[in-house]
Amino acid sequence: MNWPSVGVVIPTRNRPELVRKAIAAVRDQRYPGELKILVVYDQTEPDYLLASSSSEAGSVPVLVLTNWRTSGLAGARNTGILALDTEFVAFCDDDDQWKPDKLRRQVAALLAEPDSEFATCAIEVDFEGRTTARLAGGSRVTIDQLARSRMSMLHSSSFLIRRSALAPDAVGLVAEDAPGSQNEDWDLLLRAARRAPIVHLDEPLVRVLWGRSSHYAYEYATKISSLRWMMQRHPEISGCRPGAARVYGQLACWSAATGNRSQAWQFSKEAVRANWREPRTAIALAAMTGAVKVENVLSALHKRGRGI
């Protein structure tokens, strides 16, 4: 089998120990084809000591770059994409780790579907030492499924994409206008799924670290802005009643967490109009009354590998 070349983009910021583990996990891949790693430093000084060439004991080469595009995760990913000449592009966040067969199995699955451009796999969530597998329950993901749910098991660290699909006349690059570089991964999935179903390996081949180490865990105002951006950008979400209710429920929760009861109430009403069964509405209403704190609900859900 003629295995295609793969470039792995690892954006990083202020996580020196974790990024080394992410790099080591990529280097440990049992992948027969050409593999290279691009570590892109965003809003922080790069550590050029991580760089290495392929001539060093036959190891996977590592190139260290500085984000020269928009500050944030999206710009850092695009910096890496544009520096690559490989046939495929994969993403790995600096606090996540791949299992050894992840890349080989994903590439094989995508090559078996020549009309597909994008592949994902399931994940296992590590939160406070507890590990929970998150599965999608199928081998294909459609735009209808992604409009109904973010499907958080389709994590960015599982993304594998044909590089040709990232051209402007195809799926395109990562959206750098996403507020705070949040939900840019969901946006990319939706744009890809409009063109062809996403190939999915429903096995947890990526370990994802959740918790306070996340740069975005409690940035509620940014969460609100990014979700409103998604609703404006993707009519499929507002056109799907359960999907719209889910987003409105999240908006209500994040608004309640910021103390904006009026906005939380408005979003709660929108959620009920779309789907009165939406459970996030109850969380938001409880938070508005002071019965619960959104942070405590998040912590309880994270222990089960889930979020709001």
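Residues numbered from 1 in each chain as written. Predicted model: local features only at pLDDT ≥ 70, side-chain atom pairs only at ≥ 80, totals over all residues. Heavy atoms only, no water.

Caption draft 1: Here's a closer look at the environment of P179. Among the secondary structure elements, P179 is positioned in the loop between β9 (160-162) and α5 (184-195). Relative accessible area serves as the criterion here: at 21%, P179 is assigned to the partly exposed category. Excluding residues that lie within four positions of it along the chain, P179 makes contacts with T222, S225, S226 and W229. (Helix = DSSP H or I, 4+ residues; strand = E, 2+ residues; numbered from the N terminus. Buried < 20%, exposed > 50% of the residue type's maximum accessible area, 1.4 Å probe, protein only. Contact = heavy atoms within 4.5 Å.)

Caption draft 2: Spotlight on unusual backbone geometry. With phi around 60°, Q43 is a residue other than glycine that occupies positive phi space. With respect to the element layout, Q43 can be found in the loop between β2 (35-41) and β3 (62-66).

Caption draft 3: Structural view of α5. Taking 1.5 Å of rise per residue, the 12 residues of α5 would be expected to cover 16 Å, and the 17 Å separating its terminal C-alpha atoms lies within 8% of that figure. The element α5 is largely enclosed, with a buried count of 10 among its 12 residues. Those residues of α5 that sit buried are E184, D185, W186, D187, L188, L189, L190, R191, A192 and A193. (Expected span 1.5 Å × (residues − 1).)

Caption draft 4: Local environment of the packing of helix α8 (residues 241-258) against helix α10 (residues 279-289). It is the contact of α8 with α10, at a shortest axis distance of 8 Å, that shows an interaxial angle of 15°. In terms of their interaxial angle, α8 and α10 are classed as roughly parallel. In this structure, the crossing between α8 and α10 has a hand that is left-handed. Touching R246, G249, Q250, A252, C253 and A256 of α8 are R280, I283, A284, A287 and M288, all from α10. Within the contact of α8 with α10, the residues separate by chemical class into 7 nonpolar, 2 polar and 2 charged. (Axes fitted to C-alpha atoms, helices over the stretch in contact; angles between N-to-C directions. Parallel < 35°, antiparallel > 145°, perpendicular 65-115°, else oblique. Left-handed = near helix turned anticlockwise from the far one by under 90°. Nonpolar A, V, L, I, M, F, W, Y, C, P; charged D, E, K, R; others polar.)

That's the geometry; what it means functionally is another story.
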